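Geometric and topological summary
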Amino acid sequence: MSQHRPKIVAVDGPAGSGKSSICDAVSRRLGWTYINTGALYRGVGLLALGRGIDLNDSAGIAAMVDQIAPGLTWRGEDRTLWFEGRNLSLEMNSEQAGYAASKVAKQAAVRDCLLPVQRQLTLSAPIGALVDGRDIGTVVFPDADLKIFVTASLEERSRRRLNQLGSDADTQSIDDIKAGIAKRDERDQGRDTAPLKQADDAVVLDTSDLSMDESILALIRLLKDRGLVD
Ligand code: DC
């Protein structure tokens, strides 16, 4: 008997492209599982910071990730990240966690350890999984049923970030935010291991001029066109 395999949609793209919010909403509408792989990298970054490991110390990070990867888990049903019974979800969205994630994500040992975790989480989805990250279509699931590359202009991504910051935005100018995002893009695209890259067979979804509702409908349309949903 062949093993159950859920439908897999790889959704890659740069920070601030809207991919996480879109995947979150679409998976709720379809009853699919949402897997935010960035959360796992954020978890590794947070745990390294908590243990006082230098983020540039590849050997130290490699030893740590080897030990923690099996205990790190993303719970798709309530979008929470756990490590050994501790909920890391509140800390996971901080700037500090994002920074630490982008540092540890450059390291091959970290990526190797998180590969089986991401595959296992996805393959246990009952119906289908929207898997959001940077290398899902290129490395984690090169045989995904559909690959989408979500993007938006740097200006638009910076504007969204500024809005997200709310009252905290007073301390940061749009130029600071733009510079920060550009730097993050550079780190994600320029690293040697599994850089952010559009898969050859990915469909591009540019959300620069789309509202959230329009982006959600555009993604559902792509799934329908591929015959993945009715
Ligand atoms: O999507 P995010 O901002 O939560 O991702 C945090 C960091 O992790 C970001 O620098 C990119 C990295 N990442 C990655 O390298 N590969 C993934 N599949 C997901 C995230």
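Preceding this paragraph is the structure being described.
Every chain is numbered independently, its residues counted from 1 as its sequence is written. Reporting in this predicted model follows two pLDDT cut-offs: at least 70 for local features of residues, and 80 or more for side-chain atom pairs to be given and counted; totals over whole chains, interfaces and linings ignore these cut-offs and use all residues. Computation of side-chain values: all heavy atoms of the structure, hydrogens and water removed.

**Looking at the overall build of the protein chain**
Quick note on the threshold: In this description a helix means any DSSP run of H or I spanning at least four residues, a strand means any run of E spanning at least two, and both kinds are numbered starting from the N terminus. Values of the radius of gyration come from C-alpha atoms, whereas the globule rule sets the reference at 2.2 Å times the count of residues to the power 0.38. Every residue pair with non-hydrogen atoms within 4.5 Å of one another is taken to be in contact. Per-residue accessibility takes into account occlusion by the displayed protein chains alone, with areas from the Shrake-Rupley method and a 1.4 Å probe. Note that His is not counted, nor are the chain ends; the positive residues are Lys and Arg, and the negative ones are Asp and Glu. Working definition for charges: the position is that of NZ of Lys, CZ of Arg, CG of Asp or CD of Glu.
When helices and strands are counted, the protein chain shows 10 helices and eight strands. The C-alpha atoms of the protein chain give a radius of gyration of 17 Å, which matches the 17 Å a tight globule of 230 residues would have. Of all intrachain contacts in the protein chain linking residues separated by at least 6 positions in sequence, the fraction that spans at least 24 positions is 75%. When the accessible surface of the protein chain is split by element, carbon and sulfur atoms take 49% of a total near 11,200 Å². Charge centroids of the protein chain, computed over 29 positive and 33 negative side chains, lie 2 Å from each other.

**Let's talk about the pairing of strand β1 (residues 7–12)**
As a reminder of what qualifies: Burial status follows relative accessibility: with a 1.4 Å probe on protein chains alone, a residue under 20% of its type maximum counts as buried, one over 50% as exposed, and anything between as partly exposed. Strand pairing requires that DSSP identify at least two bridges connecting the strands.
Within β1, five of the six residues are buried, which leaves the element mostly enclosed by the surrounding structure. Summarising the sheet, β1 and strand β6 (residues 128–133) pair through six bridges and their orientation is parallel. Each residue of the ladder has a partner; that of D12, found in β6, is G133. Pairing of β1 with strand β7 (residues 146–151), which is carried by four bridges, proceeds in the parallel orientation. Paired with A10 across the strands is K147, a residue of β7.

**As for the layout of surface pockets**
Defined as follows: Here the term cavity refers to a set of points on a 1 Å grid, laid over the protein atoms alone, in which a 1.4 Å probe fits but cannot get out; the term pocket refers to an open set having protein on both sides within 12 Å along at least five of seven lines, with lining residues being those that place an atom within 4 Å of a point. Grid points are joined across faces, edges and corners, and a volume is the space filled by probe spheres set on the points. In this classification, Asp, Glu, Lys and Arg are treated as charged, Ala, Val, Leu, Ile, Met, Phe, Trp, Tyr, Cys and Pro as nonpolar, and every other residue, Gly included, as polar.
Considered as a void within the structure, the largest pocket measures approximately 1,300 Å³ in volume. Surrounding the largest pocket, 48 residues form its lining, A15, G16, R42, Q164 and R184 being those nearest its centre. Secondary structure elements with two or more residues in the lining of the largest pocket: α1 (19–30), β2 (33–36), α2 (37–50), α5 (95–104), β6, α8 (154–165) and α9 (174–190). Per-element tally for the lining of the largest pocket: the top contributor is α9, with eight residues. Its residues placed into classes, the lining of the largest pocket shows 14 nonpolar, 16 polar and 18 charged.

**Examining the site of the ligand**
Quick note on the threshold: Definition of nearness: a residue and a molecule or strand are near each other if at least one heavy atom of the residue lies within 4 Å of the molecule or strand. In the analysis that follows, any N or O atom pair within 3.5 Å is treated as a polar contact, provided that within protein one partner can donate a hydrogen and the other can accept it, and provided that, for residues neighboring in sequence, both atoms belong to side chains. Those molecules having more than half of their atoms within 2 Å of a cavity or pocket grid point set are described as sitting in that cavity or pocket.
The ligand sits among 16 residues. The nearest are T37, R42, R111, R134 and R191. In the environment of the ligand, an oxygen atom lies 2.6 Å from a nitrogen or oxygen atom belonging to the side chain of R42. Counting atoms within 2 Å of the grid points, the majority share of the ligand lands in the largest pocket. Those elements giving two or more residues to the shell around the ligand turn out to be α2, α5 and α9. The leading source of residues in the shell around the ligand is α2, at four residues. Across the shell around the ligand, the residue classes tally to four nonpolar, four polar and eight charged.

Geometric descriptors of this kind do not, in isolation, establish any biological role.
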